[in-house]
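An overview of the molecular structure
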Amino acid sequence: MADGPVAEVLLQRLEAADGGLDSAELAAELGVEHQTVVGAVKSLQALGEIIEAELRSTKRWELTAEGEEIAREGSHEARVFRSVPPEGLPQSELMRLPSGKVGFSKAMSNKWIRVDKSAADGPRVFRVVDSVEDEVQRRLQLVQGGQAEKLGEKERSELRKRKLLTEVNLKTYWVSKGSAFSTSISKQETELSPEMISSGSWRDRPFKPYNFSAHGVLPDSGHLHPLLKVRTQFRQIFLEMGFTEMPTDNYIESSFWNFDALFQPQQHPARDQHDTFFLRDPAQAQQLPMDYVHRVKRTHSQGGYGSQGYKYNWKLDEARKNLLRTHTTSASARALYRLAQKKPFTAAKYFSIDRVFRNETLDATHLAEFHQIEGVVADHGLTLGHLMGVLREFFSKLGITQLRFKPTYNPYTEPSMEVFSYHQARGASGTQRMIISEPDNDQIRHQQYPGAGGPQGEPADGVRQSPVPPRCRTGAPVDTGGRMTRTALDRPPSPRPCCPLHPCQ
Amino acid sequence: MPTVSLKRDLLFRALGRTYTDEEFDELCFEFGLELDEITSEKEIISKEQGNEKAQGASDVVLYKIDVPANRYDLLCLEGLVRGLQVFKERIKAPMYKRVMPNGEIQKLIITEETAKIRPYAVAAVLRNIKFTKDRYESFIELQEKLHQNICRKRALVAIGTHDLDTLSGPFTYTAKKPSDIKFKPLNKTKEYTACELMNIYKTDNHLKHYLHIIENKPLYPVIYDSNGVVLSMPPVINGHHSKITVNTRNIFIECTGTDFTKAKIVLDIIVTTFSEYCENQFTVEAAEVVFPNGKLHTFPELAYRKEMVRADLINKKVGIRETPENLAKLLTRMCLKSEVIGDGNQIEIEIPPTRADIIHACDIIEDAAIAYGYNNIQMTLPKTYTIANQFPLNKLTELLRHDMAAAGFTEALTFALCSQEDIADKLGLDISATKAVLISNPKTAEFQVARTTLLPGLLKTIAANRKMPLPLKLFEISDIVIKDSSRDVGARNYRHLCAVYYNKNPGFEIIHGLLDRLMQLLDVPPGEKKGGYVIKASEGPAFFPGRCAEIFARGQSIGKLGVLHPDVITKFELTMPCSCVEINIEPFL
């Protein structure tokens with residue numbers, strides 16, 4: 001309390017004092033803890049210009065608990081010496097004394113005592129001198145009496161090494177009168193109350209000032225997950241660009257839709273046990289669109305639709321194998337197949353954002369699950385330039401305008417490209433590279449699309465984006481946005497986690 | 001994507017000029033390669049095994065270059081340089097020729113025993129070749145890269161290369177009982193039987209990966225010369241007798257496998273790449289292979305195929321306006337020798353044996369676009385007019401998750417895969433009762449099944465965030481997977497909503513209140529009447545007895561809410577009471 005008794009006494013003493021007073025001295029005079037006086041000083045300071053306080057720090061030597069004991073009762077070696085009677089004492093008995101172990105060796109090295117190992121009942125300790133001067137005790141008493149400066153530097157450091165002395169930093173205040181000094185301080189109100197408003201008493205009351213540098217109290221609220229916020233944003237962009245969302249609520253997929261329909265040969269490494277989660281139960285897809293299956297089989301093994309094919313023995317059993325989809329392109333393949341069944345052909349723009357699965361061991365940079373973004377345009381007369389134009393619009397809506405396109409290879413897209421985007425993060429000195437990757441022009445080669453039953457020459461424009469698996473720093477099975485979040489939100493990471501449960505940014 | 005490691009100085013010498021790292025990176029980017037890393041042997045060893053081991057290792061600068069997975073012709077220095085030099089129009093793509101030998105042609109006879117294990121073999125001869133240390137190393141390295149990629153770790157194709165001067169044809173490719181095969185394998189000093197070799201190589205870090213291909217078969221494939229010398233026991237090891245060295249002048253190459261097409265491609269790639277070091281450059285000596293049915297084939301095929309593509313099709317697909325002559329020039333830069341023919345709009349493209357990846361017109365169009373430069377293509381927007389629609393289930397999810405957060409709950413994003421224990425044992429259920437989809441080949445026990453409930457994920461999230469101030473209020477709206485024989489794949493997703501409240505008190509009323517709020521948002525009134533919702537006392541192994549209710553809405557059961565059983569709480573390594581609700585939101589669509 002600002003107007004506690006100590007604060008009042010302090011003000012009275014200050015009025016009488018010449019110039020000022022020291023907080024530590026006042027504490028000693030009043031017989032209170034120094035901290036109490038410091039509290040009074042601080043609360044008076046908070047009232048404005050009543051007092052002025054200057055922080056001073058002084059070094060002082062103090063006895064440790066052991067040091068105090070020695071100052072009172074003598075050093076261990078002196079105590080050992082005193083406990084040895086003229087006729088001597090068995091060493092084993094001496095060692096049992098409280099000061100025995102420490103005092104014995106010190107007393108030996110001071111040559112105050114000696115040990116007779118040939119005594120009848122084991123080693124026996126005798127005095128060597130008649131009386132001793134307890135120098136350690138005397139020095140500690142000097143320090144206790146506030147006369148530490150009488151000791152030499154060497155003596156003090158020796159005592160400190162024996163852990164009998166410590167040097168303490170004492171922070172005190174030198175208090176003097178402020179420009180608005182007064183001994184009478186009225187109690188300040190902390191907050192406005194309904195009673196004050198109705199009675200009007202607020203008009204006559206002083207109010208305690210606010211500390212505007214303190215943090216506010218965070219609102220008690222729920223939060224959305226950072227990565228899913230990004231999902232919402234990407235979804236919004238696609239919707240703004242006229243793309244219709246594809247159904248992707250089928251994590252389990254057959255190899256047929258996940259690979260074969262996408263012209264990925266059956267010996268492709270991605271179809272290895274190492275990379276893909278296959279299912280034990282249900283192990284096989286029971287229903288496949290058999291007429292389409294036959295067209296896919298023919299194209300893989302013999303070619304067709306202008307293709308040479310892969311020329312291998314395509315097996316239906318391999319296509320039936322169920323798996324956890326490795327990309328959302330399987331959903332795009334289904335969507336394009338459905339589109340191809342519609343007669344007459346109508347142009348379409350599709351997108352999806354959903355989970356995909358890869359058989360990975362978890363570590364800081366690998367997850368077995370991540371989200372993939374995918375877009376497809378199907379229309380007459382589409383070009384690679386159109387695909388790049390759509391990508392440019394998409395990225396510019398993310399605030400990313402610097403793009404480069406690199407040729408790449410994908411079994412199910414041709415031509416294929418990777419997009420390299422450079423985003424100058426606000427406040428960051430370097431550039432961030434985000435590889436979004438893998439769109440295509442003739443979405444899913446010609447083999448797939450006309451094979452799906454659609455008219456020849458209706459290429460579909462595709463965008464498939466697989467962000468780098470996000471880093472997950474907590475042990476929790478929570479995956480957050482990682483690099484993608486930061487780039488995509490076009491805003492530097494918040495200085496404190498916006499959601500206490502997800503400290504990753 | 002395969003990575004090829006090349007000595008920088010050697011590469012620049014072959015390219016006839018030097019580049020800065022940035023210039024070379026740019027060239028790679030344009031061509032569809034990626035300069036992945038600039039390093040040295042010393043740096044690699046020091047990174048992997050520490051500085052001490054790297055002492056004395058070579059510090060020659062290495063470029064590690066990522067090559068597209070279908071470009072087998074770029075997997076070594078010779079091929080990569082050839083590709084880049086033609087791309088930059090510094091050289092013309094060579095024409096590879098198969099020639100007949102002056103003397104007798106080399107013959108490889110396949111016996112019918114191979115049919116069950118590794119039925120195909122192809123062969124060729126590189127005559128009067130001149131190796132240097134670097135060329136020799138590149139030759140070995142190319143075989144290794146091919147083995148790792150197109151050969152699928154030797155399962156589809158295995159390559160054997162031999163010093164022809166140590167052998168005498170004709171050769172026989174047959175299959176024998178392992179105990180009947182005995183020879184001195186590469187880099188060993190004595191003879192072993194095939195059985196012994198399989199044991200020896202079990203501990204060989206390189207070869208142990210290939211043993212499984214033949215291990216449990218009754219007969220092993222083996223190739224002999226006319227004197228009974230073993231050339232190789234594919235796909236595991238060659239014989240020591242015919243080992244090639246830097247001084248070898250005549251090389252007999254055989255590729256055996258289970259995929260005939262790929263065996264032919266692999267042979268073509270090896271001979272085309274290294275025929276440039278033969279006395280008669282770019283010529284390859286033919287070899288004959290006699291199949292068990294008596295048919296005679298001559299290899300390598302080195303087939304040049306002609307394709308026709310109309311120039312306006314290329315322009316239309318890429319979105320450019322180039323003359324047919326220019327397009328032909330662009331394609332020629334990609335090692336696809338092209339010329340304008342017919343009405344002046346037709347381009348005839350010759351696909352060389354090095355470009356097995358070109359199987360369709362759109363592959364040719366892509367190469368024209370690469371040579372034109374992807375980044376030179378004018379970006380335009382398609383005129384396609386469409387009205388966007390949200391997927392209704394996702395639209396509902398988006399609406400609900402915002403309101404859940406507004407109700408004070410924090411969204412979690414948890415794995416859709418988990419352990420069997422998480423969805424069964426820990427919740428007091430038997431796995432068969434969950435109708436869960438089971439994964440056959442997980443790498444870790446964390447991913448044995450697809451989740452059938454969102455609850456374990458949220459409880460694990462709480463366990464990982466126990467240090468956070470109470471109460472913890474979490475929710476997730478996401479898919480779970482259940483077996484369903486009516487679906488084509490035998491399983492389907494359901495969109496679930498799950499919320500948990502974790503505090504010093506169970507807080508059933510809070511979770512119940514959240515359910516009430518949800519129903520209010522979904523416009524489902526309380527009460528038993530049609531279209532309303534009620535909760536009815538129920539039980540479940542995951543819940544504390546008497547603290548569980550089933551939720552019925554619009555006439556069907558949609559889920560449960562209640563206070564979790566202390567056993568469940570303990571099994572998820574939690575210590576506080578916890579209540580939860582989990583419902584299927586699909587009935588509200």
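In the annotation of an unreviewed UniProt entry, chain B is listed under the name Phenylalanine--tRNA ligase beta subunit and assigned to Tursiops truncatus. Recorded under Cofactor (unreviewed entry), the UniProt text for chain B is reproduced unchanged: "Mg(2+)".

This next bit is on the packing of aromatic side chains. Evaluation of the coordinates by the stated rule reveals 33 aromatic pairs over all chains. With a centroid separation of 6.1 Å and an interplanar angle of 75°, the aromatic rings of A:Phe81 and A:Trp112 are classed as edge-to-face. Separated by 31 residues along the polypeptide, A:Phe81 in helix 5 (residues 76–83) and A:Trp112 in the loop between helix 7 (100–109) and strand 4 (113–116) bring together distant segments of the chain. Between the aromatic rings of B:Phe139 and B:Phe274, the centroid separation amounts to 4.9 Å while the plane-to-plane angle is 80°, which identifies the pairing as edge-to-face. With B:Phe139 in helix 6 (residues 133–148) and B:Phe274 in helix 8 (residues 260–274), the pair connects residues that are 135 residues apart, well separated along the chain. There is no split in this pair, since B:Phe139 and B:Phe274 are both buried. Taken together through their ring pairs, the aromatic side chains of A:Phe234, A:Phe238, A:Phe243, A:Phe351, A:Phe394 and A:Phe395 make up a single cluster. Directly above the ring of B:Phe572 sits B:Lys426, whose terminal nitrogen or CZ lies 4.8 Å from the centroid. Above the ring of B:Phe552, the side-chain terminus of B:Lys536 is found at 5.1 Å from the ring centroid.

As a further point, take the side chain of B:Arg71. All names here are of chain B. Tracing the chain through its elements places Arg71 in the loop between strand 3 (61–66) and helix 5 (77–87). Relative accessible area serves as the criterion here: at 8%, Arg71 is assigned to the buried category. Within the local environment of Arg71, its side chain forms a polar contact with the side chain of Asp73, the two groups lying 3.0 Å apart. Those residues in contact with Arg71 that lie beyond four places of it in its chain are Phe31, Arg355 and Asp357.

Moving on, we come to the pattern of salt bridges. Residue and element names in this part refer to chain A. If you walk through the whole model with that rule in mind, you get 54 salt bridges over all chains. Residue Arg79 pairs with Glu69 through a salt bridge whose shortest N-O separation is 3.1 Å. In this pair, Arg79 sits in helix 5 while Glu69 sits in helix 4 (residues 65–73), placing the two residues ten residues apart along the sequence. With a shortest N-O distance of 3.7 Å, Glu418 and Lys406 are connected by a salt bridge. Of this pair, Glu418 sits in strand 14 (residues 417–423) while Lys406 sits in strand 13 (residues 402–407); the two residues are twelve residues apart in sequence, bridging distant segments of the chain.

Quick look at the confidence of the model for chain B now. Looking at chain B as a whole, its pLDDT mean stands at 94, while 100% of the residues score no less than 70. Interface confidence for the predicted complex, given as ipTM, is 0.89, next to a pTM of 0.76.

Listed as interface residues are 109 residues of chain A and, on the opposing side, 96 residues of chain B. Remark: the boundary between chain A and chain B carries seven salt bridges. Of the charged contacts, one joins A:Arg334 and B:Asp488 as a salt bridge, the two residues approaching to 2.9 Å between their closest N and O atoms. Taken together, the links from chain A to chain B amount to 51 residue pairs in polar contact (both at pLDDT 80 or more). The element that contributes the greatest number of residues to the side of chain A that touches chain B is helix 16 (residues 384–396) of chain A, accounting for eight residues. Taken together, the residues that form the side of chain A that touches chain B break down as 47 nonpolar, 36 polar and 26 charged. Relative to strand 23 (residues 438–439) of chain B, strand 9 (residues 279–281) of chain A runs antiparallel, the two being bridged by two bridges. Within strand 23 of chain B, the position partnered with A:Leu279 by the bridge is B:Ile439.

A full pass over the atoms with the stated rule returns eleven cavities of 30 Å³ or more. Around the largest cavity sit 21 residues that line it, and A:Arg231, A:Asp354, B:Ile477, B:Ser478 and B:Arg495 are the ones nearest its centre. Looking at the lining of the largest cavity, the elements with two or more residues in it are helix 11 (226–240) and strand 11 (348–357) of chain A together with helix 12 (392–406) and strand 25 (472–483) of chain B. Of the residues in the lining of the largest cavity, the class split is six nonpolar, five polar and ten charged. Here the second largest cavity defines a volume of roughly 170 Å³. Taken together, 20 residues make up the lining of the second largest cavity; nearest its centre are B:Asn70, B:Arg71, B:Glu366, B:Asp367 and B:Ile370. The element contributing the most residues to the lining of the second largest cavity is helix 11 (residues 361–372) of chain B, with four residues.

Moving on to the packing of helix 6 of chain B against helix 8 of chain B. Pairs of packed helices are described in terms of their axes, by the angle between the two and the distance that separates them. Residue and element names in this part refer to chain B. The geometry of helix 6 relative to helix 8 is characterised by a closest axis approach of 11 Å and an angle of 160° between their N-to-C directions. As far as their axial angle goes, helix 8 and helix 6 are roughly antiparallel. The interaxial crossing formed by helix 6 with helix 8 has right-handed handedness. Seen from helix 6, the contacting residues are Arg135, Ser138, Phe139, Leu142, Gln143 and Leu146; seen from helix 8, they are Val266, Ile269, Ile270, Thr273 and Phe274. Taken together, the residues of the contact of helix 6 with helix 8 sort by class into seven nonpolar, three polar and one charged.

The next point concerns helix 7 of chain A. All names here are of chain A. For helix 7, the set of buried residues is Gly100, Gly103, Phe104 and Ala107. Taken end-on, helix 7 shows its buried residues confined to a sector of 105°, consistent with a single buried face. Opposite the buried face of helix 7, at more than 90 degrees from it, the exposed residues are Lys101 and Ser109. If you follow the buried residues of helix 7, they end up packed against helix 5, helix 6 (91–95), strand 4 and strand 5 (124–127). Positioned one or two residues after helix 7, Lys111 has a phi angle of 60°, which is positive.

Residues and elements named next belong to chain B. According to the domain assignment, chain B consists of domain 1 (3–88), domain 2 (97–299) and domain 3 (392–588). Here the C-alpha centre of domain 2 lies 28 Å away from the C-alpha centre of domain 1. Each partner contributes to the interface: domain 1 provides twelve residues, whereas domain 2 provides 15 residues. Of the roughly 1,100 Å² buried between domain 1 and domain 2, counting both surfaces, carbon and sulfur atoms make up 61%. Ranking the residues of domain 1 by area buried against domain 2 places Tyr72, Leu75 and Glu78 at the top, with a combined share of 54%. On inspection of domain 1 and its partner domain 2, the count reaches two salt bridges. Notably, a salt bridge pairs Glu137 with Lys7, separated by 4.0 Å at the nearest N-O pair. Scanning the region where domain 1 abuts domain 2 turns up four residue pairs in polar contact (both at pLDDT 80 or more). Mapped onto the side of domain 1 that touches domain 2, the elements with two or more residues apiece are strand 1 (3–7) and helix 5.

A word on the pairing of strand 30 (residues 578–584) of chain B. Most of strand 30 of chain B is tucked away: seven of the seven residues are buried. Burial along strand 30 of chain B is two-sided: the residues B:Cys578, B:Cys580, B:Glu582 and B:Asn584 and B:Ser579, B:Val581 and B:Ile583 are all buried.

As a further point, take the sheet that holds strand 27 (residues 533–537) of chain B. Residue and element names in this part refer to chain B. One open sheet holds the seven strands; their spatial order is 21-25-26-30-29-28-27, and the pairing between them is mixed. The outermost strands of the open sheet, each flanked by one partner alone, are strand 21 (410–411) and strand 27. Pairing of strand 29 (residues 556–564) with strand 30, which is carried by five bridges, proceeds in the antiparallel orientation. Along strand 30, the bridge assignment pairs Leu561 with Val581.

So, how was this worked out
Along each chain, numbering runs from 1 in the same order as the chain's sequence is written. Naming scheme: in the order in which they are written, chains are lettered from A and ligands are numbered from 1. Local features in this predicted model are restricted to residues of pLDDT 70 or higher, and side-chain atom pairs are both shown and tallied only at a pLDDT of 80 or more, whereas totals for entire chains, interfaces and linings draw on every residue. The basis for every side-chain value is the complete set of non-hydrogen atoms in the structure, without hydrogens or water. UniProt positions are given in the numbering used here, feature names are shortened, and annotations may be inferred rather than shown by experiment. A pair of Phe, Tyr and Trp rings is counted when the ring centres sit within 6.5 Å of each other, with Trp represented by its six-membered ring. The angle between the planes then sorts it: under 30 degrees is stacked, over 60 is edge-to-face, the rest tilted. Where helices and strands are cited, they refer to DSSP runs of H or I of at least four residues and of E of at least two residues respectively, numbered from the N terminus. Using a 1.4 Å probe on the protein chains alone, a residue whose accessible area is under 20% of its type maximum counts as buried, one over 50% counts as exposed, and one in between counts as partly exposed. Placement of a positive charge over a ring is assigned whenever Lys NZ or Arg CZ falls within 6 Å of the ring centre and within 35 degrees of the normal to the ring plane. Pairs of N or O atoms are called polar contacts if they sit within 3.5 Å, as long as, within protein, a hydrogen donor faces a hydrogen acceptor (for residues adjacent in sequence, only side-chain-to-side-chain pairs). Contact between two residues is taken to exist if any of their heavy atoms lie within 4.5 Å; hydrogens are not considered. Salt bridges, as used here, are contacts in which a Lys or Arg side-chain nitrogen is within 4 Å of a carboxyl oxygen on Asp or Glu. The predictor attaches a confidence to each residue, called pLDDT, with possible values from 0 through 100. Three classes are used, and their members are as follows: Ala, Val, Leu, Ile, Met, Phe, Trp, Tyr, Cys and Pro are nonpolar, Asp, Glu, Lys and Arg are charged, and the others, Gly among them, are polar. Here, strands pair whenever DSSP counts at least two bridges between them. Here a cavity is any set of points on a 1 Å grid over the protein atoms alone where a 1.4 Å probe fits but cannot get out, and a pocket is any open set with protein on both sides within 12 Å along at least 5 of 7 lines; a residue lines the site when it has an atom within 4 Å of a point. Grid points are joined across faces, edges and corners, and a volume is the space filled by probe spheres set on the points. Note on method: axes are straight lines fitted to C-alpha atoms, helices fitted across the in-contact stretch only, with angles between N-to-C directions ranging 0 to 180 degrees. What sets the label is the angle itself: under 35 degrees gives roughly parallel, over 145 gives roughly antiparallel, 65 to 115 gives roughly perpendicular, and the rest give oblique. Two helices that cross are described as forming a left-handed crossing if the nearer one is turned anticlockwise from the farther one by less than a right angle, and a right-handed crossing if clockwise. This arc is taken over the directions from the axis of the helix to the C-beta atoms. Segment limits for the domains were obtained from an automatic or database-derived domain assignment. Buried area is a sum: the accessible area each of two parts loses on coming together, probed at 1.4 Å, counted once for each and added.

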